[in-house]
Every structure is written in structure tokens, then in C-alpha cells.
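# Fold and contact review
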Amino acid sequence: MIYNKLGLTNIDVSIICLGTMTYGEQNSESDAHQQLDYAVANGVNFIDTAELYAIPPKAETYGLTERYIGNWLKKSGKRNQLVLATKVAGPADGWLPHIRNEKNRRLDRPNIETALNNSLKRLQTDYVDLYQLHWPDRKTNFFGQLGYSHVHDDESVAIEETLSILNDQVQQGKIRYIGLSNDTPWGVMRFIELAEKLNMPRVVTVQNPYSLLNRTFEIGLAEIAIREQVGLLAYSPLGFGVLSGKYLHGAKPDGARLTLFPDYNRYSNQNAIAATEAYVQLAHDQGLDPAQMALAYVNSREFLTSNIIGATTMEQLKSNIESATIELSADVMKHIEAIHTRYPNPSP
Ligand SMILES: NC(=O)c1ccc[n+]([C@@H]2O[C@H](COP(=O)([O-])OP(=O)(O)OC[C@H]3O[C@@H](n4cnc5c(N)ncnc54)[C@H](OP(=O)(O)O)[C@@H]3O)[C@@H](O)[C@H]2O)c1
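Just so we're clear, the structure is a prediction, and the values are computed from it rather than from any experiment.

Working definition: two side chains of opposite charge can pair if their charged atoms are close together. This structure, assessed with the given rule, holds 19 salt bridges. The residue Arg106 makes a salt bridge to Asp137 at a minimum N-O spacing of 3.0 Å. Pair noted here: Arg106 is in the loop between strand S5 (83-88) and helix H3 (109-123) and Asp137 is in the loop between strand S6 (128-133) and helix H4 (159-171), with a separation of 31 residues, a long-range link. A single burial state applies to Arg106 and to Asp137, both of which are buried. Taken together, the shared-partner salt bridges connect Arg79, Asp129 and Arg176 into one network.

The next subject is the side chain of Asp48. Turning to its location among the elements, Asp48 is positioned in strand S4 (residues 46-48). Within the local environment of Asp48, its side chain forms a polar contact with the side chain of Lys87, the two groups lying 2.8 Å apart. A polar side-chain atom of Asp48 sits 3.1 Å from a polar atom in the side chain of Gln207. Ignoring anything within four residues of it in the chain, the contact list for Asp48 reads Cys17, Leu18, Gly19, Thr20, Tyr53, Ala85, Lys87, Gln132, Gln207 and Ile308.

Below, the discussion takes up empty space enclosed by the protein. Applying the stated rule across the entire model yields one cavity of 30 Å³ or more. Computed from the structure, the largest cavity encloses a volume of approximately 40 Å³. Lining the largest cavity are Met21, Thr22, Gln26, Ile55, Pro56, Arg257, Phe261 and Tyr264. Partitioning the lining of the largest cavity into residue classes produces five nonpolar, two polar and one charged.

The eight strands lie next to each other as S3-S4-S5-S6-S7-S8-S9-S10, forming a closed barrel whose pairing is parallel. This sheet shows a mean twist of 30° between the axes of neighbouring strands, independent of strand direction. Relative to strand S10 (residues 304-309), strand S9 (residues 231-235) is paired through three bridges, and the arrangement is parallel. Following the sheet pairing, Leu232 is matched in S10 by Leu304.

Here the focus is the site of the ligand. Close contacts around the ligand come from 34 residues, with Ser236, Phe240, Lys246, Arg257 and Thr312 the closest. At a separation of 3.1 Å, an oxygen atom of the ligand approaches a polar backbone atom of Met21. Relative to its unbound accessible area of 910 Å², the ligand is 94% covered by the protein chains. Given that more than half its atoms are within 2 Å of the pocket grid, the ligand belongs to the largest pocket. Listed by contribution, the elements that provide at least two residues to the shell around the ligand are S10 and helix H10 (314-322).

Time to look at the packing of aromatic side chains. What describes a pair of aromatic rings is the distance from one ring centre to the other and the angle between the planes of the rings. Inspection of the entire model under this criterion finds eight aromatic pairs. Plain terms: the ring middles of Phe217 and Phe303 are 5.4 Å apart, the flat faces sit at 35° to each other, and that makes the pair tilted. Residue Phe217 is located in helix H6 (residues 217-227), and its partner Phe303 is located in the loop between helix H9 (290-299) and S10; the two are separated by 86 residues in the primary sequence. Taken individually, Phe217 and Phe303 each receive the classification buried, so the pair is uniform in this respect.

Here H3 spans 21 Å end to end across 15 residues, near enough to the 21 Å set by a 1.5 Å rise per residue. Inspection of H3 places Asn111, Ile112, Ala115, Leu116, Ser119, Leu120, Arg122 and Leu123 among the buried residues, and these make up the whole buried set. Taken down its axis, H3 places every buried residue within 165° of arc, on the same side. As for H3, its buried residues are in contact with helix H2 (64-76), S5, S6, H4 and strand S7 (175-181). N-capping of H3 is provided by Asp108, with a side-chain oxygen placed 3.1 Å from the backbone N of Asn111. After H3 finishes, the residue Gln124 shows a positive phi value of roughly 55°.

Another aspect to go through is the pairing of strand S8 (residues 205-209). Regular strands place their side chains on alternate faces of the sheet. With five of its five residues buried, S8 lies for the most part within the structure. Both S7 and S8 contribute to a ladder of three bridges, which runs parallel. Residue pairing in the sheet places Leu180 in a bridge with Val206 of S8. For the crossover from S7 across helix H5 (residues 185-198) to S8, the handedness is right-handed. Once the chain exits S8 it traverses H6 before rejoining the sheet at S9, and the crossover so formed is right-handed.

Take the layout of surface pockets next. If you add up the space inside the largest pocket, you get close to 1,200 Å³. Lining the largest pocket we find 48 residues, and of these Met21, Ser236, Phe240, Arg257 and Tyr264 sit closest to its centre. Where the lining of the largest pocket is concerned, the elements lending two or more residues are H9, S10 and H10. The biggest single contributor to the lining of the largest pocket is H10, with four residues. Looking at the lining of the largest pocket, its residues break down into 20 nonpolar, 20 polar and eight charged.

About the thresholds
Residue numbers restart at each chain and count upward from 1, following the sequence in its written direction. Whole-chain, interface and lining totals are the exception, using all residues; otherwise, since this is a predicted model, local features are given only for residues with pLDDT of at least 70 and side-chain atom pairs are given and counted only at 80 or more. Processing note: side-chain calculations cover all non-hydrogen atoms of the structure and skip hydrogens and water entirely. Within this document, salt bridges are pairs made up of a side-chain nitrogen of Lys or Arg and a carboxyl oxygen of Asp or Glu, the two lying within 4 Å of each other. Every helix listed is a DSSP run of H or I at least four residues long, and every strand listed is a run of E at least two residues long, numbered separately from the N terminus. Exposure is judged per residue with a 1.4 Å probe applied to protein chains only, and the accessible area is read against the type maximum: over 50% gives exposed, under 20% gives buried, and values in between give partly exposed. Any pair of N or O atoms that falls within 3.5 Å is considered a polar contact. Within protein, one atom must be able to donate a hydrogen and the other to accept it, and sequence-neighbouring residues count only if both atoms are side-chain atoms. In what follows, residue pairs with any heavy atoms lying within 4.5 Å of each other are defined as contacts. Cavities and pockets were defined on a 1 Å grid built over protein atoms only: a cavity is a set of grid points that admits a 1.4 Å probe from which the probe cannot escape, a pocket is an open set flanked by protein on both sides within 12 Å along at least five of seven lines, and lining residues are those with an atom within 4 Å of any such point. Grid points are joined across faces, edges and corners, and a volume is the space filled by probe spheres set on the points. Polar here means any residue other than Ala, Val, Leu, Ile, Met, Phe, Trp, Tyr, Cys and Pro, which are nonpolar, and Asp, Glu, Lys and Arg, which are charged; Gly is therefore polar. For two strands to be treated as a pair, DSSP must find no fewer than two bridges joining them. Helix axes are fitted only over the stretch in contact, all axes being lines through C-alpha atoms; the angle between N-to-C directions runs from 0 to 180 degrees. Being near a molecule or strand, for a residue, means having at least one of its heavy atoms within 4 Å of it. Residue-level accessible areas treat just the shown protein chains as cover; the underlying method is Shrake-Rupley with a 1.4 Å probe. For a molecule to be placed in a cavity or pocket, more than half of its atoms must lie within 2 Å of the grid points of that cavity or pocket. By convention, a stacked pair of Phe, Tyr or Trp rings (six-membered ring in the case of Trp) has centres within 6.5 Å and planes under 30 degrees apart, an edge-to-face pair has planes over 60 apart, and any other such pair is tilted. Under the convention used throughout, the expected extent of a helix is 1.5 Å for every residue step, that is, one less than its residue count. As used here, the arc is the angular range of directions from the helix axis to the C-beta atoms. Here the term right-handed applies to a crossover when the path leading from its first strand over the helix to its second strand runs clockwise, the strands being oriented away from the viewer.

Rendered as C-alpha cells:
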């Protein structure tokens, strides 16, 4: 396993981070524990979760993912050997009534403090290593939104205030480090600038989508990640599993995410399908497994801190962790860049 520094800290995190959002929906508690056992035994020391999970978010499964992880942490006794990341959900226009009071959905003090305390309880721990804002409090582009129409959002919680709330939690020992997610170049730079000015915690990572179908991180954020040492935690590195090629030619594999939840169509538009066909063909031509090739590409990025994989079977998990050992040849890289030029970011 390869390890990278978590931002400017001294913490080493495995280049493969275990994503968990299927626990409580597609995966049972015993599946989850088996995955955690295997991943940790194979060098993974970094686990990503969120108060929001399981996915898709709904009242019946809310908090189950953190609960399963908490039970495993208690059972395994491995809490202190691991870097545990979770997130507080941002404002949602009516789609998270089971998490936030509809009258106050903002990332303000009561909401952040309540969310953190509930996560700690479910996770059965006194602290999280990395506490992330799942998406910005302010209105901006994320979750694949294109174009840009500025919304003057007067109710948005000021970044100074967010930092001060998080700083208090750091002082109390409940959070070690903070991170952003689904944020923009402006957001990341502003968080850094204000932290320096106000002597507040500095963000260590940004968790955004990144895969062969979505390399938009490279446009503005990659430079920031390297220059400011706020590395990428890449999520959906297989584009919800699409890059494995298993949905090509209209296939609907039993029990797979997009068969179960066809509304998750971010990676299934025409250009994404055409690009996937080309990447899968390339992998086959080169004797590579398409999913491992896609993950190995993400692993090879200089701006990456860790690649957050997801798996619903042990076979997938093993294969995905193994991607850390695969180095893509210059020839494969050249072909990948050619496909990217033909189909740039089909699923932003
Ligand atoms: N911050 C955010 O907003 C955000 C958003 C999304 C995810 N995340 C984090 O990132 C993690 C990973 O995201 P993701 O699950 O979307 O990642 P992904 O790698 O794009 O998709 C993972 C899914 O693809 C399928 N799969 C995985 N390996 C495979 C293989 N080798 N062959 C064939 N199919 C395979 C599995 O689903 P099926 O078996 O159902 O096909 C698996 O659950 C999440 O658990 C979460 O921690 C964060």
C-alpha cells in the first residue's frame, strides 16, 4: 500500500480510502464488517463516511452506515490505528427533512454541533480525524451543475463563522482536522485565506468527484491542491461502477446501483457511454481490467491524497484495493489522454 500525507499534517493515509455509503442499503452490517476487516488487513487505514448515509438518503436508513462502522470500531479495537473521516450535510432544499429541521437547514452552530455529536455517538468514538462539510452552505455549482448563474444568498453562513464553529470543536478535541467537499476553487482558497488571517483550522483536503469520466478537478482545483497542499479525496472513481463496463450495450446487472436506482444517471449520458466504450476497449487491448485501469489512473494523479473506492462485493473490494499496485504504462496513459481529448468530462 502507498501512503500520502493528509494535507500539511503528519498523518499518513493510504492511497485507497474505504468508501462506505452502500452500508445500510446495498450492504448489510455483516458485509460492512467483512469489508472493513479485509481493507484494514490489506493496508487501508482511511475510512470515509457521512451523517447522510446510507445512500440513497431516506429516513429508514439514516445513520445506519455510521452505526455499522461504530459497531465494528468497538468490536475490532482498531479505532486509534485508523483515520476516520465523516461529514456534515449541507443545506438541502427539502430533500433531507429527516436530518434537518426545514426551518433551519444551514451549516450554523446548532446544526453543526448536533450533527457532529450524533456522528460521534453512532461511530462510538470521542473524535473524528477529518470532519468535512459535505457540500457548501452557500449556493454555488456542485453535483454536476453546469453553467453559472450567480445567486445572491444573503442567508448563507459566513465562512468566518463556519471556521469559528469548527475551531471550537477542534479545541474540544472532537475534530482533529477539517476538510471540504463538492467545493469550488473560490471556496477552497477563501477557506485557506480566512484560516490564515484568523488563526483558525486550515482545510487539509477537498473531496470532489474525480474519474476518467469527470476530470473537472484539473481545471482549477488541481493547481490549488498541489500548491496549497490541500489534496484531492477522489469520490466516485468508477463513475458509480459505469467504468467497469458492466452497463455497456444496455446491460442491467442484477443488484447493481444503476439497476436499483436508475435516477443516478450522472455517468450514463451518451458521451459517457461512448467514452466508457473507448476506455473499456483500451483496457481489454492492454490486458487490463477496466475498473482497475480506471482506478489506477486516479491513483497516479499528483494532486491526489486518496482515492475513495466503493464496493458491494468482496470480489470488487479486493480488485479495487489491488489497483494501488498497478502502474499504467506510458502507452496506456497516451491512449487515455487521447480518449479524454475526444470525450472531455462527459459527466462533470
Ligand atoms: N462527498 C460526496 O458528495 C460523495 C459522493 C459520492 C461518494 N462519496 C464517497 O465516495 C465513496 C465511493 O463513491 P462511489 O461508490 O460512487 O464510487 P464508484 O467507484 O464510482 O462506484 C462504486 C460502485 O461501483 C460498483 N463497483 C465497484 N467496484 C467494481 C468493480 N471492480 N467492478 C464492477 N463494479 C464495481 C459497486 O456498485 P454495484 O455493485 O452496485 O454496481 C460500487 O458500490 C462513497 O462510499 C463515499 O464514501 C462522496
